[in-house]
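Each chain is listed here by its residues.
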Amino acid sequence: MTIPRMSLITLGVNDLARARAFYTRVFGTAPTGDNEGVAFFTLPGVWIALYPRADLARDISPALDPALEPTTRSFSGITLGHNVGSREDVLAVFEAAQAAGATIVTPPHDTFWGGFSGYFTDLDGHYWEVAWAPMCEFSETGDLRFKT
């Protein structure tokens, strides 16, 4: 039996070219390969795929109306997390995200759990938390883990 893991997160986007440029700037790396109609960013532990929102809705079910899905002003109940190695790294990611057009929702701040984090939304309203957690570290392969 294999260990369950998240391997791919697909974000429905309204403008693929614009989203690709945004994430290239925020991640500091270009998408992997040249795939028509989708962009894949290979990150340690997980891939992020950008796919047109209407196409994604049709892929899920022909009965799903993409016009009724969450807009950039709603909250779906899901956030994406990006943990980094220091407070300075949190600030650097926020600076890159804001320069790429992100909306800062909650600026980085000291948290009740002892870390440092904040939230922004990307160009399509997906919420991202960028956090430094002093109780965590990264493995040699970039996987997040609790300190032992």
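Source: prediction; values computed, not measured.

Caption draft 1: Layout of the sheet that holds strand S5 (residues 103–110). Read from one edge to the other, the open sheet built from four strands follows the order S4-S7-S6-S5, with strand pairing classed as mixed. Each edge of the sheet is formed by a strand with only one pairing partner; in this case those strands are strand S4 (79–84) and S5. The sheet shows a mean angle of 15° between the axes of neighbouring strands, direction not considered.

Caption draft 2: Spotlight on the environment of Ala 63. Residue placement: Ala 63 occurs in the loop between helix H2 (53–60) and S4. Sequence separation between Ala 63 and Ile 9 is 54 residues, and the spatial gap between their C-alpha atoms is 22 Å.

Caption draft 3: A look at the packing of aromatic side chains. Scanning the model with the defined rule gives eight aromatic pairs in all. An aromatic cluster is defined as three or more aromatic residues linked by ring pairs; in this entry it consists of Phe 22, Tyr 23, Phe 27, Phe 41 and Trp 128.

Rules used in this analysis
Residues numbered from 1 in each chain as written. Predicted model: local features only at pLDDT ≥ 70, side-chain atom pairs only at ≥ 80, totals over all residues. Heavy atoms only, no water. Pairing = 2+ DSSP bridges. Helix = DSSP H or I, 4+ residues; strand = E, 2+ residues; numbered from the N terminus. Axes fitted to C-alpha atoms, helices over the stretch in contact; angles between N-to-C directions. Phe/Tyr/Trp six-rings, centres within 6.5 Å; stacked < 30°, edge-to-face > 60°.

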